Amino acid sequence: MIKGVPRTVGSRRGPDAPTALFWRKADPAPAYDVIVVGGGAHGLATAFSLAHTHKISRVAVLERGLIGGGNAGRNTTIVRSNYWLPETIRFYEYSLKLWETLSQTLDFNVMFSPRGVVFLAHDRADEDALIARGNRMLAEGVDAEWLDPAALRRLAPALDPVPGALLPVRGGLMQRRAGTARHDAVVWGYARAASRLGVDVIEHCPVTGFVRGAGGQVEGVETPRGVIRAPVVGLCTTGQTGTLLAREGIRLPLACHVLQAFVTEPVKPVLSPVVISNAAHVYVSQTEKGELVAGGSLDAAPGWQQAGPPERLAEVAAGLGALFPRFRGLRIMRSWAGVVDMTMDGSPLIGPTPVPGLYINAGWNYGGFKATPASGQLFATLLATGTAPPLIAPFALERFERGALLDEGGAGPRPWLQ
Ligand SMILES: Cc1cc2nc3c(=O)[nH]c(=O)nc-3n(C[C@H](O)[C@H](O)[C@H](O)COP(=O)(O)OP(=O)(O)OC[C@H]3O[C@@H](n4cnc5c(N)ncnc54)[C@H](O)[C@@H]3O)c2cc1C
């Protein structure tokens, strides 16, 4: 036995299973100050901030399956703040700054890797749109840089240098501080840190309905393990928020779609930054192990499965091959899918609902992983104080009533990819 490590470390069953080293296994108490529904990255980050910043420790995270079993553990881990609208640039830039110190904040290595994210331009229209986006970022004080083809190939030698290539590259918009983080580590780090501050992280506890008071306010949640009471409930239930609120007679402007990704067999290091091409419908990065992780567009038809049709994967593989002819022979080792909830304007939905005490954190479209630290911190402030901090106030549900849409999806060449 290694000195200092408890005997139970190797056990794979019971309360001493390896995860018990990370977070305390908890059963539901009859009541809490705040219940967070959904043990993905956003739910856990929210619970952490409630306990850490707002000193509210009577907090439960209720997860219907295993924490991180949703999109938190299924995404392609891209973290960036190169958006189009000032509201989204500011929010995601705040998040990127939190990513830079997240390992220290959580005392857990989330493997944030600022390797740079570059959006490729293949024609004049791409170039104009990306340069316009870079200028908007610079105007908000966010780093952005235009790279010519030679500079791009120094960074990513695998980009096809052959004249007349299927998708010739004219240049790219680079954000050097952007990159990737290890998604599982983010979930585990938040769960461990929240649990250490007294938060109950409760798995296999699906919320099936809400308890309402005489005035219509939320007073708790219904679960197969009984009613659990709380005057404040935050939903971080990507893919299920619309269904849960429909039971309360509330229709959300959300549509659920399946998004897939895959990894190839590992190869030696050939790709330093994350590369994104809207024309090829593909985004790709290389893991520390050498695999190429790639994703593309979502399925057009609505869906709630954690699996998708092979044709979509074939499209992404074709896009990858068009961008990087040298990758064409690589074998796909595994693929997976998650359910993304899309808003019609491509911006998230964070804020109160018409039910007093009930709040939503949803509508992350392709890009909620990168939002995790800011979303958790700012949503926690909303739950703790009832007031939305300025960075998330524009993303409230009522923007759809006022017609004040934040059209991140409609601007530029599909800037909402991941
Ligand atoms: C293939 C793919 C690639 C992606 N790539 C990127 C990327 O590169 N960069 C990026 O920023 N974003 C990316 N995303 C999007 C990102 O993963 C999501 O926006 C983000 O993870 C959503 O927040 P979350 O982590 O809290 O959601 P989830 O992890 O899905 O958490 C929601 C949790 O709620 C639970 N739940 C649902 N209903 C109930 C209920 N009734 N009771 C209790 N629990 C419930 C679920 O089980 C789940 O664990 C990608 C998504 C996919 C699918």
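The structure under discussion appears in the preceding block.
Residues numbered from 1 in each chain as written. Predicted model: local features only at pLDDT ≥ 70, side-chain atom pairs only at ≥ 80, totals over all residues. Heavy atoms only, no water.

**A look at the overall build of the protein**
Item 1. When its secondary structure is counted, the protein shows 10 helices and 19 strands.
Item 2. The C-alpha atoms of the protein give 22 Å as radius of gyration, which agrees with the globular expectation for 418 residues (22 Å, within 12%).
Item 3. If you line up the protein on its principal axes, its C-alpha atoms span 70 × 65 × 40 Å.
Item 4. Burial status across the protein gives 57% buried among its 418 residues.
Item 5. Here the analysis covers contacts within the protein between residues at least 6 apart in sequence; of these, 75% occur between residues at least 24 apart.
Item 6. Accessible surface for the protein amounts to roughly 17200 Å². Of this, 56% is attributable to carbon and sulfur atoms. (Helix = DSSP H or I, 4+ residues; strand = E, 2+ residues; numbered from the N terminus. Rg over C-alpha atoms; globule rule 2.2 N^0.38 Å. Buried < 20%, exposed > 50% of the residue type's maximum accessible area, 1.4 Å probe, protein only. Contact = heavy atoms within 4.5 Å. Areas by Shrake-Rupley, 256 points an atom, 1.4 Å probe, with all protein chains shown as cover.)

**A look at the site of the ligand**
Item 1. Among the 35 residues in the neighbourhood of the ligand, the closest are listed as Glu-63, Asn-71, Ala-72, Thr-76 and Lys-370.
Item 2. Note that an oxygen atom of the ligand is positioned 2.7 Å from one of the side-chain N or O atoms of Glu-63.
Item 3. One of the backbone nitrogen or oxygen atoms of Thr-77 is found 3.3 Å away from an oxygen atom of the ligand.
Item 4. Coverage of the ligand by the protein amounts to 97% of the 1000 Å² it exposes when considered alone.
Item 5. Residue assignment for the shell around the ligand shows that the elements contributing at least two residues are helix H1 (41–52), strand E13 (254–264) and strand E17 (332–343).
Item 6. Sorting elements by how many residues they give to the shell around the ligand places E13 first, with three residues.
Item 7. Split by residue class, the shell around the ligand holds 15 nonpolar, 16 polar and four charged. (Near = heavy atom within 4 Å. Polar contact = N/O pair within 3.5 Å; in protein donor to acceptor, adjacent residues only side chain to side chain. Nonpolar A, V, L, I, M, F, W, Y, C, P; charged D, E, K, R; others polar.)

**Considering the sheet that holds strand E12 (residues 232–235)**
Item 1. Spatially, the six strands line up as an open sheet ordered E8-E2-E1-E12-E19-E18, and their pairing is mixed. The open sheet has two edge strands with one neighbour each: strand E8 (200–202) and strand E18 (349–352). Averaged over all pairs of adjacent strands, the angle between strand axes in this sheet comes to 15°, irrespective of strand direction.
Item 2. Looking at chain direction, strand E1 (residues 34–37) and E12 are connected through four bridges and run parallel. By the bridge assignment for E12, Ile-35 is matched with Val-233. (Pairing = 2+ DSSP bridges. Axes fitted to C-alpha atoms, helices over the stretch in contact; angles between N-to-C directions.)

**Quick notes on the environment of Gly-239**
Item 1. Mapped onto the elements, Gly-239 comes out in the loop between E12 and helix H7 (241–246).
Item 2. You can call Gly-239 buried: its relative accessible area is 4%.
Item 3. Residues Gly-239 and Gly-338, 99 residues apart in the sequence, show an inter-C-alpha distance of 8.8 Å.
Item 4. Once residues within four sequence positions are removed from consideration, Gly-239 is found in contact with Cys-256, Trp-304, Val-339 and Asp-341.

**Some details on the packing of H1 against helix H9 (residues 372–385)**
Item 1. At a closest axis distance of 7 Å, the pairing of H1 and H9 adopts a crossing angle of 55°. Considering their axes alone, H1 and H9 lie oblique with respect to each other. As H1 packs across H9, the resulting crossing turns out to be right-handed. Taken together, the residues of H9 that come into contact with H1 (itself represented by Ala-41, His-42, Ala-45, Thr-46, Ser-49 and Leu-50) are Thr-372, Ser-375, Gly-376, Gln-377, Phe-379, Ala-380, Leu-383 and Ala-384.
Item 2. By residue class, the composition of the contact of H1 with H9 is seven nonpolar, seven polar and no charged. (Parallel < 35°, antiparallel > 145°, perpendicular 65-115°, else oblique. Left-handed = near helix turned anticlockwise from the far one by under 90°.)

**Details of the packing of helix H2 (residues 86–100) against H9**
Item 1. It is at 7 Å that the axes of H2 and H9 come closest, and there the two elements cross at 105°. What the angle tells us is that H2 and H9 run roughly perpendicular. Here Phe-91, Tyr-94, Ser-95, Leu-98 and Trp-99 of H2 lie close against H9, whose contacting residues are Thr-372, Pro-373, Ala-374, Ser-375, Gln-377 and Leu-378.
Item 2. Split by residue class, the contact of H2 with H9 holds seven nonpolar, four polar and no charged.

**Focus on the sheet that holds strand E10 (residues 218–223)**
Item 1. The three strands are arranged E9-E10-E11 in an open sheet whose pairing can be described as antiparallel. Of all the strands in the sheet, the pair left with one neighbour each is strand E9 (209–212) and strand E11 (226–229). Put simply, the sheet's adjacent strands are angled 30° from each other on average, direction ignored.

**Observations concerning the packing of aromatic side chains**
Item 1. One pass over the structure, following the stated rule, counts 11 aromatic pairs.
Item 2. When the ring of Phe-22 is compared with that of Trp-188, the centres are 5.8 Å apart and the planes differ by 80°; the resulting orientation is edge-to-face. Linking Phe-22 in the segment before E1 with Trp-188 in helix H6 (residues 183–196), this pair joins segments that are 166 residues apart in sequence.
Item 3. Among the residues examined, Phe-22 registers a relative accessible area of 27% and is labelled partly exposed.
Item 4. Given a relative accessible area of 31%, Trp-188 falls into the partly exposed group.
Item 5. Between the aromatic rings of Trp-99 and Phe-112, the centroid separation amounts to 6.3 Å while the plane-to-plane angle is 20°, which identifies the pairing as stacked. Of this pair, Trp-99 sits in helix H2 while Phe-112 sits in the loop between helix H3 (102–106) and strand E4 (117–121), placing them 13 residues apart in sequence. The residues Trp-99 and Phe-112 share a single accessibility class, namely buried. (Phe/Tyr/Trp six-rings, centres within 6.5 Å; stacked < 30°, edge-to-face > 60°.)

**Describing the pairing of strand E14 (residues 274–277)**
Item 1. The alternating pattern of E14 places Val-274 and Ile-276 on one face and Val-275 and Ser-277 on the opposite face, and all of these are buried.
Item 2. As paired strands, E14 and strand E15 (residues 282–286) are joined by three bridges and run antiparallel to one another. Among the inter-strand pairings, Ser-277 is bridged to a residue of E15, identified as Val-282.

**Some points on the environment of Leu-382**
Item 1. Residue placement: Leu-382 occurs in helix H9.
Item 2. Judged by its relative accessible area of 2%, Leu-382 is buried.
Item 3. Between the C-alpha atoms of Leu-382 and Gly-234, which are 148 residues apart in sequence, the distance is 9.5 Å.
Item 4. If we skip the residues at most four places from it in the chain, Leu-382 touches Gly-351, Pro-352, Tyr-359, Thr-387, Ala-388, Pro-389 and Ile-392.

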